[in-house]
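Single-letter residue listing:
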Amino acid sequence: MSVDSTVPDVRIFRLIPLSGKVPAFLPGQFMFLHLLDASGASVIRRPYSVASSPSSPYVEFAIDMVGGQMTGRLALTKAGDILGLEGPAGHMVYRGESRAAFVAGGTGISPFMSMLRSVSDKNLQGRFLLFYSTRDRNHIVFSEELQELQKKHPGIKAVITLTREAPGDWHGECGRISHEMISKHLPDAKEFDWWVCGPPGLVKAVRECLARLSVEPKKLKLEGWG
Ligand SMILES: Cc1cc2nc3c(=O)[nH]c(=O)nc-3n(C[C@H](O)[C@H](O)[C@H](O)COP(=O)(O)OP(=O)(O)OC[C@H]3O[C@@H](n4cnc5c(N)ncnc54)[C@H](O)[C@@H]3O)c2cc1C
């Protein structure tokens, strides 16, 4: 397991399976991470969305270190420690849709990194729009990679909105995601399939925005946590 950090309170965990083989999963799925005791038995487990592409040789997670039972102990782990992995699970999956819109709040960006990395790896053709809400510029997880993905793949666009600051030199959006913000960047919202992941309040608010934009419920996949 290797660990590095990107933004305050969020750590990136990369798990390299001892077998050398990453479990097959679809972008958007989560896996259970287990902390193990000295005998290798699981002492605690929590679900985390996979951020890496299925074609990566490791499984990556972006974890908000909230100081709870799991994250308090994960904070003490170091590169080379062994953790348990179980899964995949979850139905909020991406299956290659060509008009895809993703809405993330906070570490809810993880499943969409897996989807966008997979779109880029496979060079899928289409339009892929990410709306990403985060508190301030320092909390944009995967900031540099999101810029690289947009340069590399002409169909990928990221709209980042800051909810707790509005810096003068910021060229993105500010404030919570609204139906006006969505239709400004995506006037044909109802032609897209939608995936939404983040705190339950954001998921509920975005679902209402999408209903106002006449997105059919069958085109929505939602996952709330945090
Ligand atoms: C399907 C699914 C996917 C998930 N994917 C991710 C992921 O990719 N990254 C990630 O960081 N988390 C993810 N989570 C949340 C994760 O499973 C844990 O709930 C989280 O890490 C907290 O666990 P804990 O044991 O440290 O906290 P607990 O001991 O369970 O809780 C401790 C305290 O912290 C509060 N708390 C818990 N979570 C948060 C939070 N996110 N922000 C603020 N306060 C909190 C609780 O309300 C509680 O008061 C996911 C959850 C689900 C259901």
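Residues numbered from 1 in each chain as written. Predicted model: local features only at pLDDT ≥ 70, side-chain atom pairs only at ≥ 80, totals over all residues. Heavy atoms only, no water.

Just to check I follow, could you spell out unusual backbone geometry for this structure?
The residue after Gly-87, namely Pro-88, is reached through a cis peptide bond having omega 20°. Looking at where Pro-88 falls in the secondary structure, it is placed in strand E6 (residues 84-89). At Ser-214, a residue that is not glycine, the phi angle is positive and equals roughly 65°. Note that Ser-214 resides in the loop between helix H5 (200-212) and strand E12 (220-224). The exposure class assigned to Ser-214 is partly exposed, which follows from its relative accessible area of 46%. (Helix = DSSP H or I, 4+ residues; strand = E, 2+ residues; numbered from the N terminus. Buried < 20%, exposed > 50% of the residue type's maximum accessible area, 1.4 Å probe, protein only.)

Got a minute to help me understand the site of the ligand in this structure?
In the vicinity of the ligand, 18 residues are found, and the nearest of them are Pro-47, Tyr-48, Gln-69, Met-70 and Thr-71. Between the ligand and the protein, one listed contact pairs an oxygen atom with a backbone N or O atom of Met-70 at 2.8 Å. Interatomic distance of 2.6 Å between a side-chain N/O atom of Thr-71 and an oxygen atom of the ligand. Isolated, the ligand exposes 920 Å² of accessible area, and the fraction of that covered by the protein chains is 66%. Structurally, the ligand is housed in the largest pocket. Considering each element in turn, the shell around the ligand owes the most residues, 4 residues, to strand E4 (residues 42-49). The residue makeup of the shell around the ligand includes at least three contributed by each of domain 1 (2-89) and domain 2 (99-224). (Near = heavy atom within 4 Å. Polar contact = N/O pair within 3.5 Å; in protein donor to acceptor, adjacent residues only side chain to side chain. Areas by Shrake-Rupley, 256 points an atom, 1.4 Å probe, with all protein chains shown as cover. 1 Å grid on protein atoms, 1.4 Å probe; cavity = no way out; pocket = protein on both sides within 12 Å on 5 of 7 lines; lining within 4 Å. Sits in = over half its atoms within 2 Å of the grid points. Domains from an automatic or database assignment.)

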